[in-house]
Each structure stands twice: as C-alpha cells, then as structure tokens.
Amino acid sequence: MPADTPAPRDAPGQSPAICHTPALPVTATEKRIVLLIAILAGFLTPFDGSAVNIALPTIGNQFHMDAIALSWVATAYLLASAIFLVPFGKIADIYGRKKVFLWGLALFGAASLVMTFVATEQQMIAVRVFQGIGSAMIFGTSVAILTAVFPPGERGKALGIYITSVYLGLSVGPFFGGILTDVFGWQSIFYINVPIAIAAIFLVLWKLKGEWMECAGERFDLSGSILYSIALVSLMYGFSILPEVIGGVLVVAGVVLIGVFVWYEQRQDCPVLNMQLFFKSRIFAFSNIAALINYSATYAIAFLLSLDLQYTKGFSAEHAGFIIIATPVIQVLVSPFAGRLSDRYDSQIISSVGMGFTALGLFLLIFLNESTPLWYIIAVLMILGFGFGLFSSPNTNAIMSSVEKKYYGVASGINGTMRLLGQMLSMGIGMMLFAIVIGPVEITPQYYPQFTTSLHYAFILFTILCVIGIFASLARGKNSGQTESQG
C-alpha cells in the first residue's frame, strides 16, 4: 500500500500537499498487468472515435441528420474530451488516479451501452458528450499511472507499447468500423466497447493495488476549470466554423480567454494547471508544443487521402482503407522500438528525426494528382508511419519524465489535450480550405481539379507546420528519459 509522506512546497504561493507515493510493483508480472490495463484503455477510446467516423453516413440516414448535426456526433466527443482532460488530471492527482481511471472506464462503457438505445439526434450528441468525459478520465490518468509504475530506465519502452495500442485503435477503427456497420449495424461499434471496458475494470480491481494521489489535500480550482473550459469551447468551436465571421470572433475570444486563464492560474495557490510546468521546464513546454504541431500537421492526412483515393482514384472505401493502413502498420512497428531508444538515448534527437521524416512525407504529398501511381502513395504513407512512430513515444517520455510525480496526472492531461487540440486544428484547416477553394458543393468530377488544388494547399501548410515542429522539438534541450525532474 502507498506510504504517506509530506510534500514540500514546490513554488511560491502554492499550498503544501500530502504525498501518497505507492511502492513500485516488485515483480515483472505485476508490471505487465499494469501495462495490459493501460493497453486496453489506450485502444478503447481512439478505436471508438475513428470507428464512429466511418459509421456517420449510416447514422445520418437513420436519423435524417443534416451535415452540421452529423459533424457534432464526432465533434461533441472530441470537444468534451479536450475540455475535461486537464481538470480530471488534477482531480486524479488530488483524489486518486486509479479511482478516476475506474470511474472513467465505467462511464465510457455505460455511455457506449446507452448509445445503442438513443432515439433522436439530440440524445445521440448528448451521450457522445458523456463518452468524451469518460475518455478524458481514462486518458488523463492512464499515462500518469504507467509513468508512476515504470521507473525511468523502463518507462520509454512501456510508453512505446501503450502508444502503439493508441495508434492501433486509431488505425483499425475505420476498417473494422466499416465491417461492423455493414454486417451488424452501427450499434455494434458501441457494443464492442462494453466488454473491453468491463475487462479493464475487472483487471484494475483484481490486480492494481495501492493508489496514486500525490496532491491529496489540495483544493480543486473550480473557477480556473470553468474558465479553461469556456476558452477551449470558444476556440475549438470557432475554428470548426471558419471562415465564417462568427468563427473568427470565437477564435479570437478563445485566444484572449486562454491568456486570461494563464494570468489567473499564476495567482492561485492550487491551480488546476500549474503554469510553472511550462515556465520552469523547457523540456515540458517545447515537447508539448511539438506534440500540438505534430497532430495539427498530420491528423487530417487519413481523411484527405481517403477522399482522394475514393474520388479521383476511384477506389472503394474498403480498398482505400487497406491502402491508408500502411501508415499505422509502420507506426505500430516503430513506436515500441523508439520508446526503448528513448530510455537509452536523447529523446530530443529521436523525436526530432521523427518529425523530420513526417515533414518529408508531407512534402511528397504536395505533388499528388489524378495520375499519381499507387506505389508512390504507399511509399509516402510508410515514410509518414516511420516518422510518427519515431516522434510520439520519445516525445511522451520526455514530457512525463520532465515533471515531478505529483504532477503526472496534470502532465498526462496536458499531453492528451495537445493531441485533441491538434486533431481539431488539423481538421479545421482541411475543411477551411475546402470551403475557400471548392465551396459548399458536393465533390463531383467537375470539381476534381479544385479538390486536388485544396489538397495541395493543405499539404503545403502541413509541411510548413511540421518544419516549425522540428525546431520546437530541438528547442526543448537534451533529456535522455532516464532521469526524472526533482523540482
């Protein structure tokens, strides 16, 4: 069971907290159980999100939903996850990460089951919000628990395996989501979540001993959490409706509110987001910036290439899925290897090289046209998968190894928020370019030239972003992942 020791004040103006530091598992078997739990949780939520996107046309037909309402089925999930990740990371640090992790699994599983009984589009969007909250509770704690259990010399390998499970969920979601939807109906996607959530809950209750709450006794910053939530909603919703004027107004308002949030948090004794993590640790700040840039530059690739393969190349959805899976296959193979490398060598160099390969792949995609051979597309997708795999595990290892144990939950939540913000920004860029270049019309053969032009612009912007990301990754400074920050 955890041992209780008082925590020192780590910054002026912060109240002391009670540290509850659990003993590390003493056997390799116990560590493997913890890793298995994290793998199940890591696979569950991204699989759901990516599988549901494939089922959206079928859901829309059943509920007679327009495009805006249909988009909210996906957006409500991402938005709720982004809003609650950091607050639940802090709640987990105060009241117990295992406790929040369990409740997150239970909420996600229950919402998935309820989703199969919804009768209206409003009910569906509301339940997706609850799924997003459950996802935030899971993602805001799973990386923190892994980081607490595995010592620095083994952490990169464990995080690499965990991140592989996340990417596996993202990559197989569209493929199996399509099969499940066609054969068993869209409800089957949500049924799958229930036994996985139950299995993870059972393993946690049975095998995961002790608790992690290094900030026990601190006051939860409710006002800061509300301000943070309003800022994110304004920013992310505004970006999703660009280039409309109201979208620009909301984006500006969101940026201003984020500035107010940063100012407010620096004056709190117990902030929901300790800004000193950014100001005191160059590694933490620039690693998170690099993650945000990476997701902003890459998340929309699969979406854009799926449209390109089906519209201009004439492939079926199933065949397009088989082609696009080249990226996650390479990614899944490289991520554990990269994680192990980051335990021995400089995470800064490994992840920066990964960002460089990603930039190369994006640059090569700029030259796509209707006559581009299939081998070229597959080769580029493999380059991108190699880059993704090299970047993510070492970058996550650098983030989590740069903070004290008491901030693992918040650091995990911030890392997850960077991912979700990047995903929203990436899709926002793609949709904004479609609106500007093509306009609000169906993509028919007569609009294929404009469609291809919008792809070129998108990949040019993504390449520029990734090049900037290389400098952000290099700017963090050296950190082998083998030593933890002590303050």
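Everything below is about the structure printed above this text.
Notes on the structure in this doc start here.

Rules used in this analysis
- Residues numbered from 1 in each chain as written.
- Predicted model: local features only at pLDDT ≥ 70, side-chain atom pairs only at ≥ 80, totals over all residues.
- Heavy atoms only, no water.
- Helix = DSSP H or I, 4+ residues; strand = E, 2+ residues; numbered from the N terminus.
- Buried < 20%, exposed > 50% of the residue type's maximum accessible area, 1.4 Å probe, protein only.
- Contact = heavy atoms within 4.5 Å.
- Areas by Shrake-Rupley, 256 points an atom, 1.4 Å probe, with all protein chains shown as cover.
- Core = buried A, V, L, I, M, F, W, Y, C linked by side-chain atoms within 4.5 Å.
- Axes fitted to C-alpha atoms, helices over the stretch in contact; angles between N-to-C directions.
- Parallel < 35°, antiparallel > 145°, perpendicular 65-115°, else oblique.
- Left-handed = near helix turned anticlockwise from the far one by under 90°.
- Nonpolar A, V, L, I, M, F, W, Y, C, P; charged D, E, K, R; others polar.
- Phe/Tyr/Trp six-rings, centres within 6.5 Å; stacked < 30°, edge-to-face > 60°.
- Salt bridge = Lys/Arg side-chain N within 4 Å of Asp/Glu carboxyl O.
- Patch = residues over 30% accessible without salt bridge, like charges linked within 9 Å, V, L, I, M, F, W, Y side chains within 5 Å.

With that out of the way, let us pick up the overall build of the protein. Each helix and strand in the protein was counted, giving 17 helices and two strands. The buried share among the 487 residues of the protein stands at 58%. Sequence separation of 24 or more characterises 83% of the internal contacts of the protein that already satisfy a separation of 6 or more. On the protein, roughly 19,400 Å² of surface is accessible, and the fraction owed to carbon and sulfur atoms is 72%.

Among soluble globular proteins, nonpolar side chains are generally buried collectively. Counting residues in each nonpolar core, the largest one holds 85 residues, and the members touching the most others are Phe101, Met124, Leu146, Tyr162, Trp186, Leu273 and Ile414. Looking at this core, the element that brings in the most residues is helix 1 (residues 28-63), giving 15 residues. Not counting the four nearest positions on each side in its chain, Phe101 is found in contact with Ile37, Ala41, Met137, Ile138, Thr141, Ser142, Ile145 and Val204. If you look at the next biggest cluster of nonpolar residues, it comprises 41 residues, including Leu305, Leu307, Ala326 and Ala458.

Within the secondary structure, Tyr311 sits in helix 11 (residues 301-311). Placed 140 residues apart in sequence, Tyr311 and Phe451 show a C-alpha to C-alpha distance of 9.3 Å.

This next bit is on the packing of helix 14 (residues 347-365) against helix 17 (residues 448-474). The geometry of helix 14 relative to helix 17 is characterised by a closest axis approach of 8 Å and an angle of 170° between their N-to-C directions. Here helix 14 lies roughly antiparallel to helix 17, going by the angle between them. The handedness of the crossing between helix 14 and helix 17 comes out as left-handed. Touching Gln348, Ser351, Ser352, Met355, Gly356, Thr358, Ala359, Leu362, Phe363 and Leu365 of helix 14 are Phe459, Phe462, Thr463, Cys466, Val467, Gly469, Ile470, Ser473 and Leu474, all from helix 17. Partitioned by chemical class, the residues of the contact of helix 14 with helix 17 number eleven nonpolar, eight polar and no charged.

We describe a pair of aromatic rings using the distance from one ring centre to the other and the angle between the two ring planes. Tallying each qualifying case throughout the model produces eleven aromatic pairs. Consider the rings of Phe84 and Phe88, whose centres lie 6.0 Å apart with planes at 40°: the pair is tilted. Here Phe88 and Phe84 lie together in helix 2 (residues 67-95), a separation of four residues that amounts to about one turn. Relative accessible area serves as the criterion here: at 29%, Phe84 is assigned to the partly exposed category. Look at Phe88 and you get buried, because its relative accessible area is 17%. Both rings, one in Phe278 and one in Phe284, keep their centres 5.1 Å apart while their planes meet at 70°; by these two values the pair is edge-to-face.

According to the stated counting rule, one finds three salt bridges in the structure shown. Measuring nitrogen to oxygen at the nearest pair gives 2.8 Å for the salt bridge that ties Asp48 to Arg128. Taken as a pair, Asp48 in helix 1 and Arg128 in helix 4 (residues 121-149) lie far apart in primary sequence, 80 residues in all. Two residues, Arg97 and Asp93, come together in a salt bridge whose shortest N-O distance is 2.9 Å. The residues Arg97 and Asp93 share a single accessibility class, namely buried.

Another aspect to go through is the packing of helix 11 against helix 17. Put simply, helix 11 and helix 17 touch, their axes get as near as 11 Å, and they point 155° apart. When the axis of helix 11 is compared with that of helix 17, the two are roughly antiparallel. Helix 11 and helix 17 meet at a crossing whose hand is left-handed. From helix 11, Ile301, Leu304, Leu305, Leu307, Asp308 and Tyr311 reach across to helix 17, where they touch Tyr448, Phe451, Leu455, Ala458, Phe459 and Phe462. Split into classes, the residues belonging to the contact of helix 11 with helix 17 amount to eleven nonpolar, no polar and one charged.

What follows covers a nonpolar patch on the surface. Taken together, the side chains of Ile349, Val353, Phe357, Leu360, Phe363, Phe367, Phe386 and Leu474 make up a nonpolar region of the molecular surface, amounting to roughly 660 Å² of accessible area. Of the residues forming the nonpolar patch, the biggest block, five residues, is contributed by helix 14. The residue Phe367 is located in the loop between helix 14 and helix 15 (374-401) in this model.

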